[in-house]
Amino acid sequence: MNRTPPTTVARVRLWRWRRNPLRRHSDVVEAWIVLVTWVLAVLGGAVAGLAAVQTADSVFSARQAQVHAVSAVLIDGAARTPTSASGYDDGRVWAAVRWTDDHGRVHTDQAKVRPGAPAGSQVTVWTNRAGHVVSAPVTGAAADLQTALTGALVAPSAGAAVWAAGWLVRSRLIRRRMAEWDEEWKQIGPRWGNLSGGRG
């Protein structure tokens, strides 16, 4: 019967922080830069994503408060087919509509209606405070989806921006370290060659 040798669990050591005669001060600084960069990238991305979600939600709420639905009447019959099939096309056609506001004023404007609707048909249109026809506000599941997508796009972008800033700082530190090593080697290199008999 074969016995399985006992497994040993290796301890993870953070070599940049542990005592080591080869560790330089710049190694510790670099380790802190990496740690702080990742923490800020994750937290900054999460905060930016949440802020974007709240902003998008407030924009949708403000838009919904600025427009209202009114019942209008088609002045002329609507065309039976859309005039163009390119770009954003929801299958509806433009037609002239008329409605009366709360103050008794009559308004006319162009609105999108279903194709082939006869003159005199009742349609619901959305108007702003100036009495112009506008697109319907985004509400319900569509608003929730757009809000979530906004947060999902902003969060990684913000995190990537923080990470890139940290990477630039770390790159400058590494370049500075390399320059210091070059200076030290200019001083030590000739002596090293003498110690090795000119063979090193």
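Above this note sits the structure.
Visitor: When you look at the pairing of strand β2 (residues 93-100) in this model, what are you seeing that I'm missing?
Guide: Looking along a regular strand, one sees side chains alternate from face to face of the sheet. Where strand β1 (residues 68-74) and β2 come together, two bridges link them in antiparallel fashion. In the sheet register, Leu 74 faces β2, and the bridge partner there is Val 97. As paired elements, β2 and strand β3 (residues 106-113) share eight bridges and run antiparallel to each other. Paired with Arg 98 across the bridge in β3 is Thr 108. Linking two consecutive strands that pair antiparallel, namely β2 and β3, is a turn of five residues; a positive phi of about 85 degrees is found at Gly 104 within it.

Visitor: I'm lost on a nonpolar patch on the surface in this one. Help?
Guide: A surface patch of nonpolar side chains, amounting to about 550 Å² of accessible area, comprises Trp 32, Leu 35, Val 36, Val 39, Leu 40 and Leu 43. Assignment of secondary structure puts Leu 35 in helix α1 (residues 25-66). With relative accessibility at 38%, the residue Leu 35 sits in the partly exposed group.

Visitor: Help me understand the sheet that holds β2, please; the structure alone is not making it clear to me.
Guide: Picture the strands of a sheet paired through backbone hydrogen bonds; they go either parallel or antiparallel. Pairing within the open sheet is antiparallel, and its five strands lie in the order β3-β2-β1-β4-β5. Pairing within the sheet leaves two strands with one partner each, and these edge strands are β3 and β5 (133-134). With two bridges connecting them, strand β4 (residues 122-127) and β5 associate as antiparallel partners. The residue of β5 that forms the bridge with Trp 126 is Val 134.

Visitor: Got a minute to help me understand the side chain of Thr 127 in this structure?
Guide: For Thr 127, the location among the structural elements is in strand β4. Among the residues examined, Thr 127 registers a relative accessible area of 2% and is labelled buried. When sequence neighbours within four positions are dropped, the list of residues in contact with Thr 127 reads Gln 66, Val 67, His 68, Val 70, Trp 99, His 132, Val 133 and Val 134.

Visitor: Sorry, what's going on with the pattern of salt bridges here?
Guide: In the structure shown here, the tally under the stated rule is five salt bridges. Among the salt bridges present, the one from Arg 177 reaches Glu 30, with a minimum N-O distance of 2.6 Å. Remark: Glu 30 occurs in helix α1 and Arg 177 occurs in helix α2 (residues 140-195); sequence separation between them is 147 residues. Across the pair, Glu 30 and Arg 177 agree in class, each one buried. In this structure, the salt-bridge partner of Glu 180 is Arg 176, at a minimum N-O distance of 3.5 Å. Here the residue Glu 180 and the residue Arg 176 both occupy positions in helix α2, the gap between them amounting to four residues, near one helical turn. Take Glu 180: its relative accessible area is 36%, and that puts it in the partly exposed class.

Visitor: Sorry, what's going on with the nonpolar core here?
Guide: Nonpolar side chains in soluble globular proteins tend to be buried together. Among the nonpolar cores identified, the biggest contains 13 residues, and Ala 72, Leu 74, Ala 78, Val 97, Val 113, Val 123 and Val 125 are the most heavily contacted of them. For this core, the secondary structure elements donating two or more residues are β1, β2, β3 and β4. Among the elements that take part in this core, β2 stands out by supplying four residues, more than any other. Not counting chain neighbours up to four residues away, the residues in contact with Ala 72 comprise Val 97, Arg 98, Trp 99, Ser 121, Gln 122, Val 123 and Val 125.

Analysis parameters
- Residues numbered from 1 in each chain as written.
- Predicted model: local features only at pLDDT ≥ 70, side-chain atom pairs only at ≥ 80, totals over all residues.
- Heavy atoms only, no water.
- Pairing = 2+ DSSP bridges.
- Helix = DSSP H or I, 4+ residues; strand = E, 2+ residues; numbered from the N terminus.
- Patch = residues over 30% accessible without salt bridge, like charges linked within 9 Å, V, L, I, M, F, W, Y side chains within 5 Å.
- Areas by Shrake-Rupley, 256 points an atom, 1.4 Å probe, with all protein chains shown as cover.
- Salt bridge = Lys/Arg side-chain N within 4 Å of Asp/Glu carboxyl O.
- Buried < 20%, exposed > 50% of the residue type's maximum accessible area, 1.4 Å probe, protein only.
- Contact = heavy atoms within 4.5 Å.
- Core = buried A, V, L, I, M, F, W, Y, C linked by side-chain atoms within 4.5 Å.

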